[in-house]
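Observations on the model geometry
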Amino acid sequence: MNKNILITGAAGFIGFHLSIKLIDEGFNVFGIDNINEYYDVKLKIDRLKKIEDHAKLNNCKWEFLKSDIVQNEILEGIFEKFKPEIVINLAAQAGVRYSIENPGAYLNSNVIGFGNILECCRRYKIRHLIYASSSSVYGGNKKIPFSENDGVNHPVSLYAATKRSNELMAHTYSHLYNLPTTGLRFFTVYGPWGRPDMSYFIFTSKILKKETIQIFNNGEMERDFTYIDDVTESILKIIKKGTKDFKEFNFSEAIPSISWCPFKILNIGNSSPVKLMDFIKTLENNLGKKAKKEFTSMQPGDVQKTYADTSLITKFIEYNPKTNLDKGIKLFLNWYLEYYDK
Ligand SMILES: NC(=O)c1ccc[n+]([C@@H]2O[C@H](COP(=O)([O-])OP(=O)(O)OC[C@H]3O[C@@H](n4cnc5c(N)ncnc54)[C@H](O)[C@@H]3O)[C@@H](O)[C@H]2O)c1
């Protein structure tokens, strides 16, 4: 094993934290990102600077190239030169609501881009492809908690449909080319250096500016918030666990989360959903400020509740998320107030 890991979407929220974690673990990390303008580019550049400083300080190997996974030739050049053993695909057009406004961005990055990643993984015989799926794939499901073995055939946004299509595309490559793939269904990941398009970030910014926050579905929403360090710790454990146990499929009880080929899907969530109004109270208490609230209807493409069944990942890597919402929000706010000099 050459310890070379390629992380796509390295300037993004999860990619940033994962790059630092894997650098610290002694991996040679090569990051790529197209640094698009979906949200504040400065935040992405600052994350990259921080990774670079961290790698220099600790005398570790880190390389970055601004590039787009949709551009296949450049991607192939990166695989050829860097020779990754493991690929972690986090590059995607994220966000549920934006997929109504700009569906093309999702088709490009999440479908064509992901197809290019799969092709490169096949051609360069990658040992393990780990890729970001999403809790959104559970769509209109009402059975809770959401299990990887539930049907996911009722997506309610194009974002969700592209993420589900990634899982299906990955299965094909696992079957046809014996490419080991693990899809991770993340549940509302939050923390320092987070994503400005997500509600915890928007609410914080608006509460501090004394602006009105919009509360969708009249507050009847729940989210299974997952702290970033619990996510990166899980990914590290999945990398270390490797692909040895991929063959445990029983045809007589064919379940969707695994297969006869080296294919796996895992939820990464907290398994403790928080009501939107309780979440806002946590923010208000920690900020010492009351939010001005406007209650409004459900947004198209959104789901009312997310709740992860984490029994599979718990068994697989002894998953044990350590950060509750109050602690995680304190850590996020400490960063936010310092970064934006509030
Ligand atoms: N944060 C969450 O709560 C969450 C939940 C479910 C799934 N996910 C998924 O996890 C992954 C990482 O999410 P994140 O929160 O870090 O999002 P993010 O938007 O912060 O990071 C994604 C990064 O990918 C880059 N990117 C987008 N299209 C690209 C392309 N074509 N080529 C190269 N780079 C490209 C963006 O510039 C961005 O920096 C995404 O695939 C996202 O869909 C995230």
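Here's a quick rundown of the structure.

About the criteria used
- Residues numbered from 1 in each chain as written.
- Predicted model: local features only at pLDDT ≥ 70, side-chain atom pairs only at ≥ 80, totals over all residues.
- Heavy atoms only, no water.
- Near = heavy atom within 4 Å.
- Polar contact = N/O pair within 3.5 Å; in protein donor to acceptor, adjacent residues only side chain to side chain.
- Areas by Shrake-Rupley, 256 points an atom, 1.4 Å probe, with all protein chains shown as cover.
- Helix = DSSP H or I, 4+ residues; strand = E, 2+ residues; numbered from the N terminus.
- Nonpolar A, V, L, I, M, F, W, Y, C, P; charged D, E, K, R; others polar.
- Salt bridge = Lys/Arg side-chain N within 4 Å of Asp/Glu carboxyl O.
- Core = buried A, V, L, I, M, F, W, Y, C linked by side-chain atoms within 4.5 Å.
- Buried < 20%, exposed > 50% of the residue type's maximum accessible area, 1.4 Å probe, protein only.
- Contact = heavy atoms within 4.5 Å.
- Pairing = 2+ DSSP bridges.
- Axes fitted to C-alpha atoms, helices over the stretch in contact; angles between N-to-C directions.
- Parallel < 35°, antiparallel > 145°, perpendicular 65-115°, else oblique.
- Left-handed = near helix turned anticlockwise from the far one by under 90°.

**So, the site of the ligand**
Taken together, 30 residues surround the ligand, and among them Asp33, Tyr39, Tyr159, Lys163 and Val189 come closest. The side chain of Lys163 places a nitrogen or oxygen atom 2.8 Å from an oxygen atom of the ligand. Considered on its own, the ligand offers 820 Å² of accessible surface; in the complex 97% of this is hidden by protein. Every element with two or more residues in the shell around the ligand is listed here: α1 (13-24), β5 (128-134) and α6 (158-177). The greatest single-element share of the shell around the ligand, amounting to 3 residues, is contributed by β5. Looking at the shell around the ligand, its residues break down into 16 nonpolar, 9 polar and 5 charged.

**Remarks on the pattern of salt bridges**
One pass over the full model with this rule turns up 21 salt bridges. Glu52 is paired through a salt bridge with Lys56; the nearest N and O atoms lie 3.6 Å apart. On the criterion of helical spacing, the pair formed by Glu52 and Lys56 is a turn pair, its members being 4 residues apart in helix α2 (residues 41-57). The residue Lys81 makes a salt bridge to Glu63 at a minimum N-O spacing of 3.6 Å.

**A short note on the nonpolar core**
Soluble globular proteins tend to bury their nonpolar side chains together. In terms of nonpolar packing, the biggest core is built from 67 residues, with Ile7, Leu22, Ile88, Phe186, Ile238, Ile239 and Phe279 touching the most fellow members. Ranked by the residues each element gives to this core, the list is headed by α1, at 7 residues. Setting aside its immediate chain neighbours within four residues, Ile7 contacts Gly15, Leu18, Ser19, Leu22, Val29, Phe30, Gly31, Ile32, Ile88 and Leu90.

**A short note on the sheet that holds strand β2 (residues 28-33)**
The 7 strands are arranged β3-β2-β1-β4-β5-β6-β11 in an open sheet whose pairing can be described as parallel. If you trace the sheet from one side to the other, it starts and ends with β3 (62-66) and β11 (263-268), each paired once. Within this sheet the neighbouring strands show an average axis-to-axis angle of 20°, counted without direction. Pairing of strand β4 (residues 86-89) with β5, which is carried by 4 bridges, proceeds in the parallel orientation. Paired with Val87 across the strands is Leu129, a residue of β5. Contacts from helix α5 (residues 103-123) reach β1 (4-8), β4 and β5, with the element oriented near 165° to β5.

**A word on the packing of α5 against α6**
Contact geometry for α5 and α6: axes closest at 10 Å, N-to-C directions at 15°. Viewed along their axes, α5 and α6 adopt a mutual orientation that is roughly parallel. Like other packed secondary-structure pairs, α5 and α6 cross with a definite hand, here right-handed. Residues Pro103, Tyr106, Leu107, Asn110, Val111, Phe114, Gly115, Leu118, Glu119 and Arg122 of α5 lie in contact with α6, whose contacting residues are Leu158, Tyr159, Thr162, Lys163, Ser165, Asn166, Met169, Ala170, Tyr173 and Tyr177. Grouping the constituent residues of the contact of α5 with α6 by class yields 12 nonpolar, 5 polar and 3 charged.

Fair warning: the whole summary comes from geometry, so function is off the table for now.
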